[in-house]
Amino acid sequence: VGAATYSPVIADSGTVIIMTHASSIVTLPDVGATDVGVQFTIINNSGGTLTGKIVSADTTNTRFNGAGSYAAENIEDDTAKTYLCWAADNWQVIG
């Protein structure tokens with residue numbers, strides 16, 4: 001992902017996404033109960049921390065790590081995080 005937004009779909013599960021620019025944004029798909037197990041690994045290779053650059057297509061219901069409400073995720077430079085759907089509207093962040 002360069003200076004753009006990348007929006008993978010459920011069928012892209014297992015994809016490794018490398019963010020290479022400060023304007024990179026990844027919009028994860030809205031996930032439901034039938035999507036348990038869908039996962040994406042995101043690597044930040046932009047040269048700095050990307051603040052609020054990992055988001056969900058569903059900003060009203062999605063939770064990261066079981067948080068009570070939606071919040072965009074940061075990713076530090078040279079860091080990899082895996083986002084795993086474990087329940088409807090829930091992404092577990094590993095890394």
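Structural notes, computed from the coordinates. (Residues numbered from 1 in each chain as written. Predicted model: local features only at pLDDT ≥ 70, side-chain atom pairs only at ≥ 80, totals over all residues. Heavy atoms only, no water.)

So, about the sheet that holds strand 5 (residues 50-56). The mixed open sheet is built from four strands, whose spatial order is 1-3-5-7. Where the open sheet ends on each side, the last strands, each with one partner, are strand 1 (5-6) and strand 7 (73-75). Direction of pairing for strand 5 relative to strand 7: antiparallel, over a ladder of two bridges. Looking at the pairing, Leu50 lines up with Ile75 of strand 7. (Pairing = 2+ DSSP bridges. Helix = DSSP H or I, 4+ residues; strand = E, 2+ residues; numbered from the N terminus.)

The sheet built from five strands is open, its strands ordered 2-4-8-9-6 with mixed pairing. The sheet is open, and its two edges are formed by strand 2 (16-19) and strand 6 (63-64), each paired on a single side. In this sheet, strand 8 (residues 80-87) lies alongside strand 4 (residues 39-44) in antiparallel orientation, the contact comprising five bridges. Each bridged residue has a counterpart across the sheet, and for Phe40 the counterpart in strand 8 is Tyr83.

What follows deals with the side chain of Thr82. Looking at the secondary structure, you find Thr82 in strand 8. In terms of polar contacts, Thr82 uses its side chain to reach the side chain of Thr41, at 2.9 Å. Non-local contacts of Thr82, meaning those with residues more than four positions away in its chain, are made with Gln39, Phe40, Thr41, Gln92, Val93 and Ile94. (Polar contact = N/O pair within 3.5 Å; in protein donor to acceptor, adjacent residues only side chain to side chain. Contact = heavy atoms within 4.5 Å.)

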